[in-house]
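What follows is each chain in one-letter form.
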Amino acid sequence: MQSGIGYRALLGWGQQYSTGCSNLSYLAIAQEAVNDYSNYKIAEKYIMLAHAYEGDPLKQNEFYRKVINAQKINVDAWYSLV
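For clarity, every value in this text was computed on a predicted model and none was experimentally measured. (Residues numbered from 1 in each chain as written. Predicted model: local features only at pLDDT ≥ 70, side-chain atom pairs only at ≥ 80, totals over all residues. Heavy atoms only, no water.)

Engineer: Explain the pattern of salt bridges to me, please; I cannot follow it from the model alone.
Structural biologist: Enumeration according to the criterion identifies two salt bridges in this entry. Two residues, Glu-62 and Lys-59, come together in a salt bridge whose shortest N-O distance is 3.6 Å. You can see Glu-62 and its partner Lys-59 sitting in helix α3 (residues 57–70), three residues apart, about one turn around the helix. Of the residues examined, Glu-62 reaches a relative accessible area of 34% and is grouped as partly exposed. (Salt bridge = Lys/Arg side-chain N within 4 Å of Asp/Glu carboxyl O. Helix = DSSP H or I, 4+ residues; strand = E, 2+ residues; numbered from the N terminus. Buried < 20%, exposed > 50% of the residue type's maximum accessible area, 1.4 Å probe, protein only.)

Pasting the structure below:
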């Protein structure tokens with residue numbers, strides 16, 4: 001996948017949420033998430049568990065909130081809760 005600025009976005013953040021504008025702010029957030037790698041791995045575990053409960057929005061919300069508790073800047077979790 002290519003972002004609107006000509007390269008693959010880190011963690012894919014910004015690509016699926018793109019409004020057509022430059023996604024540099026997503027790049028900074030994604031870099032911060034990777035810098036906090038131990039919490040990023042915990043957050044990714046909960047994201048996968050949330051995906052396993054497709055069709056059960058209450059259970060998914062429970063896991064997305066666990067993601068945010070592990071890593072407050074996780075864009076995937078915030079967009080999933082909104």
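Having put the structure on the table, let's press on.
Engineer: Is there a simple way to think about the nonpolar core in this case?
Structural biologist: Nonpolar side chains in soluble globular proteins tend to end up buried together. By size, the foremost hydrophobic cluster in this structure holds nine residues: Ala-43, Tyr-46, Ile-47, Ala-50, Phe-63, Tyr-64, Val-67, Ile-68 and Ala-77. Of all the elements in the fold, those that place two or more residues in this core are α2 (37–52) and α3. Non-local contacts of Ile-68, meaning those with residues more than four positions away in its chain, are made with Ala-77, Trp-78 and Leu-81. (Core = buried A, V, L, I, M, F, W, Y, C linked by side-chain atoms within 4.5 Å. Contact = heavy atoms within 4.5 Å.)

Engineer: Would you mind going over the packing of aromatic side chains with me for this structure?
Structural biologist: Each aromatic ring pair is characterised by the separation of its centres together with the angle its planes make. Counting across every chain of the model gives three aromatic pairs. Here Tyr-37 and Tyr-40 contribute two aromatic rings whose centre-to-centre distance is 6.2 Å and whose plane-to-plane angle is 35°, an arrangement assigned as tilted. Of this pair, Tyr-37 and Tyr-40 both sit in helix α2, separated by three residues, roughly a single helical turn. A residue is classified by how much of its surface remains accessible, and Tyr-37, at 46% relative accessible area, is partly exposed. Judged by relative accessible area, which is 12%, Tyr-40 ranks as buried. (Phe/Tyr/Trp six-rings, centres within 6.5 Å; stacked < 30°, edge-to-face > 60°.)

Engineer: When you look at the packing of α2 against α3 in this model, what are you seeing that I'm missing?
Structural biologist: Axis angle and axis distance: for two packed helices, these are the angle between their axes and the distance between the axes, and together they describe the pair. Across the interface, α2 lies against α3 with an axial gap of 8 Å and an inter-helix angle of 175°. Relative to α3, the element α2 lies roughly antiparallel. Contacts between α2 and α3 pair Asn-39, Ile-42, Ala-43, Tyr-46, Ile-47, Leu-49, Ala-50 and His-51 from the former with Gln-60, Phe-63, Tyr-64, Lys-66, Val-67 and Ala-70 from the latter. For the contact of α2 with α3, a count of residues per class yields ten nonpolar, three polar and one charged. (Axes fitted to C-alpha atoms, helices over the stretch in contact; angles between N-to-C directions. Parallel < 35°, antiparallel > 145°, perpendicular 65-115°, else oblique. Nonpolar A, V, L, I, M, F, W, Y, C, P; charged D, E, K, R; others polar.)

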